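# Observations on the model geometry
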Amino acid sequence: MNDNLRDAASLAGKTALITGASSGIGAASAVALARAGATVIVHYNSQKADAEAVLEQVRAAGSSGEMVQADLGTRDGTGSLCSYASARAIDILVNNAGSLVKRTRVLDLTPELWEKVMMLNLTSAFFLSQAVVGGMAERKSGVIINMSSVAGRFGGGLGALAYSSAKAAISTMTKGLTKEFAPQGVRVNCISPGTIDTGYHRSFSTPEGLDGVRAATPIGRLGTSEEIADLVVFLSSDHATFIHGQTIEINGGFFMA
Ligand SMILES: NC(=O)c1ccc[n+]([C@@H]2O[C@H](COP(=O)([O-])OP(=O)(O)OC[C@H]3O[C@@H](n4cnc5c(N)ncnc54)[C@H](OP(=O)(O)O)[C@@H]3O)[C@@H](O)[C@H]2O)c1
């Protein structure tokens, strides 16, 4: 996003909580929101040093912020971040934390793994939204952005059934939140990235698989975290006031709804 657009998106005076902001899309979104003027809360789970580096970039962008740790794959971790969030006036919540956790075929999927994938990719996003949306409604202003995936549109690759199901459900959850809270000034949308060049793929994809994605993508490359972050800033801004309940596909033409 060029500086003129970033200034026009001014989020000065807003406080944004971005989950999973220690790397990839979340980290880029934290820095982009800071550049647009928001105070940024950098949530992380295991990578404290990476979260500190993101907070440094937030400060270098002229903004301020803090860090908070929570394991959103567990009920206790989700509860602690909900308590933290409900005690603050959060203007922008980006439910970005997520992971496939473990590529697992149907016959090997245990109840424990299913619950963890759902907790991390769907349930925690719901309860975090619940924790902040009441305050947003009272202030008649707020933005919630949920991170889905193109996997939620086509079922994902083999071994991603639980993850892709959660990502489809978060899109539906976005619509439900919109119906209840748009009348009270809260704008809820969902971003559905295609394949974005982040650490996620070092864990869950093969080089050959990524070559296949490039070949099937009209623009012939993977996306960058910054390209998703630009959409996060736009959806957070007053340029998006008539966009409600949408799942926006951003994938270089890989999947066209
Ligand atoms: N990359 C893609 O191609 C792609 C495509 C579609 C959708 N997405 C979605 O975009 C979001 C960000 O993905 P990314 O590619 O940026 O991945 P990433 O670089 O692997 O970052 C994942 C983030 O989620 C956090 N996280 C992971 N497990 C967690 C847990 N149990 N509790 C709390 N936080 C946890 C990580 O925190 P720590 O590192 O501190 O543990 C990290 O900050 C995810 O929801 C992902 O599903 C990604």
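Residues numbered from 1 in each chain as written. Predicted model: local features only at pLDDT ≥ 70, side-chain atom pairs only at ≥ 80, totals over all residues. Heavy atoms only, no water.

### Brief notes about the pattern of salt bridges
Close approach of charged atoms lets side chains of opposite charge pair. Defined as follows: Counted as salt bridges are all cases of a side-chain nitrogen of Lys or Arg within 4 Å of a carboxyl oxygen of Asp or Glu. Think of it this way: any DSSP run of H or I at least four residues long counts as a helix, any run of E at least two long counts as a strand, and we number them from the N terminus. Burial classes: relative accessible area under 20% of the type maximum marks a residue as buried, over 50% as exposed, and values in between as partly exposed (1.4 Å probe, protein chains only).
Considering all chains together, one arrives at five salt bridges under this definition. With a closest N to O distance of 2.8 Å, Glu249 and Arg153 form a salt bridge. Of this pair, Glu249 sits in strand β7 (residues 247–250) while Arg153 sits in helix α6 (residues 151–154); the two residues are 96 residues apart in sequence, bridging distant segments of the chain. Assessed through its relative accessible area of 24%, Glu249 is described here as partly exposed. Note on Arg153: relative accessible area 24%, which makes it partly exposed. A salt bridge links Arg221 to Glu227; its shortest N-O distance comes to 2.7 Å. Residue class for Glu227 comes out partly exposed when judged on its relative accessible area of 31%.

### As for a nonpolar patch on the surface
The test is simple: For patches, a residue must show more than 30% relative accessible area and have no salt bridge; joins then use 9 Å for like charges and 5 Å for nonpolar side chains, namely Val, Leu, Ile, Met, Phe, Trp and Tyr. With residues, only the protein chains shown are counted as cover, and all accessible areas are computed by Shrake-Rupley using a 1.4 Å probe.
On the surface, Val106, Leu107, Trp114 and Leu161 cluster together into a nonpolar patch covering about 440 Å² of accessible area. With respect to the secondary-structure elements, Leu107 resides in the loop between β4 (92–95) and α5 (111–139). Overall, the relative accessible area of 85% leaves Leu107 in the exposed class.

### Structural notes on the sheet that holds β7
Rule in force here: Note on pairing: two strands pair once DSSP finds at least 2 bridges between them. Every axis corresponds to a line fitted to the C-alpha atoms, with the helix fit spanning only the stretch in contact, and the corresponding angles, defined between N-to-C directions, vary from 0 to 180 degrees. Contacts between residues were defined by any pair of non-hydrogen atoms, one from each residue, lying within 4.5 Å.
In space, the seven strands of this open sheet follow the order β3-β2-β1-β4-β5-β6-β7, with parallel pairing throughout. Each having just a single partner strand, β3 (65–69) and β7 make up the two edges of the open sheet. Strand after strand, the sheet turns through a mean of 15° between neighbouring axes, direction not considered. Relative to strand β5 (residues 142–147), β4 runs parallel, the two sharing four bridges. Following the sheet pairing, Val94 is matched in β5 by Ile145. Across the face of the sheet, helix α4 (residues 75–86) comes into contact with β1 (15–18), β2 (39–44) and β3 while running at roughly 155° to β3.

### Some remarks on the nonpolar core
Rule in force here: Grouping buried Ala, Val, Leu, Ile, Met, Phe, Trp, Tyr and Cys residues that are joined through side-chain atoms within 4.5 Å yields what is termed a nonpolar core.
Ile18, Leu33, Val40, Val42 and Ile191 are the most contacted members of the largest nonpolar core, which totals 36 residues. Where this core is concerned, the elements lending two or more residues are β1, α2 (24–35), β2, α3 (48–60), β4, β5 and α10 (225–236). Looking at this core, the element that brings in the most residues is α2, giving eight residues. With sequence-adjacent residues up to four places away left out, Ile191 is seen in contact with Ile145, Asn146, Met147, Ser148, Ser149, Ile228, Leu231, Val232, Leu235, Ile248 and Ile250. Formed by 31 residues, the second largest nonpolar core is a distinct cluster that contains Cys82, Ala85, Leu128 and Ile144.

### Some points on the site of the ligand
Where we set the bar: Being near a molecule or strand, for a residue, means having at least one of its heavy atoms within 4 Å of it. Polar contact is defined as a pair of N or O atoms within 3.5 Å, subject to the rule that within protein one atom must be able to donate a hydrogen and the other to accept it, and that residues adjacent in sequence are counted only when both atoms are side-chain atoms. Residue type decides the class: Asp, Glu, Lys and Arg count as charged, Ala, Val, Leu, Ile, Met, Phe, Trp, Tyr, Cys and Pro as nonpolar, and the leftover types, Gly among them, as polar.
Close to the ligand lie 32 residues; Ser46, Asn96, Tyr163, Thr198 and His201 are nearest. Between the ligand and Lys167, the relevant distance is 2.9 Å, taken from an oxygen atom to a side-chain nitrogen or oxygen of the residue. In the model, an oxygen atom of the ligand is placed 2.6 Å from a nitrogen or oxygen of the His201 side chain. For the ligand, the protein covers 91% of the area, taking 900 Å² as the surface of the free molecule. Where the shell around the ligand is concerned, the elements lending two or more residues are α2, β2, α7 (161–181) and α8 (199–204). When residues of the shell around the ligand are assigned to their parent elements, the largest contribution, three residues, is made by α8. The class makeup of the residues in the shell around the ligand is twelve nonpolar, 18 polar and two charged.

### Things to note about the UniProt feature "domain: Ketoreductase" (unreviewed entry) in the chain
Using the following cut-off: UniProt positions are given in the numbering used here, feature names are shortened, and annotations may be inferred rather than shown by experiment.
The UniProt record marks residues 14–202 with the feature "domain: Ketoreductase" (unreviewed entry), using the residue numbering of this structure. Helix and strand shares over residues 14–202 are 50% and 17% respectively, and the end C-alpha atoms of the span are 34 Å apart.

### Considerations on unusual backbone geometry
Despite not being glycine, Val101 has its phi angle at roughly 70°, a positive value. If you trace the backbone, Val101 turns up in the loop between β4 and α5. Accessibility expressed as a relative area gives 27% for Val101, which makes it partly exposed. A positive phi angle, near 55°, is found at Lys140, a position not held by glycine. Locating Lys140 in the fold gives a position in the loop between α5 and β5. When its relative accessible area of 62% is taken as the criterion, Lys140 is described as exposed.

### Things to note about the packing of aromatic side chains
What counts here: Side-chain rings of Phe, Tyr and Trp (the six-membered ring for Trp) are treated as a pair once their centres are within 6.5 Å; stacked means planes under 30 degrees apart, edge-to-face means over 60, and tilted covers the remaining angles. Charge over a ring is defined by NZ of Lys or CZ of Arg lying within 6 Å of the ring centre and within 35 degrees of the ring normal.
The final tally for this structure, using the stated rule, is four aromatic pairs. With 5.9 Å between their ring centres and 40° between their planes, Tyr163 and Tyr200 make a pair best called tilted. Here the residue Tyr163 occupies a position in helix α7, and Tyr200 occupies one in helix α8, the gap between them amounting to 37 residues. What makes Tyr163 buried here is its relative accessible area of 10%. Taking relative accessible area as the criterion, Tyr200 reaches 21% and is therefore assigned partly exposed. Ring-pair connections join several aromatic residues into one group, and the members of that group are Tyr163, Tyr200 and Phe204. Sitting over the ring of Tyr84, Arg88 keeps its end group 3.7 Å from the ring centre.

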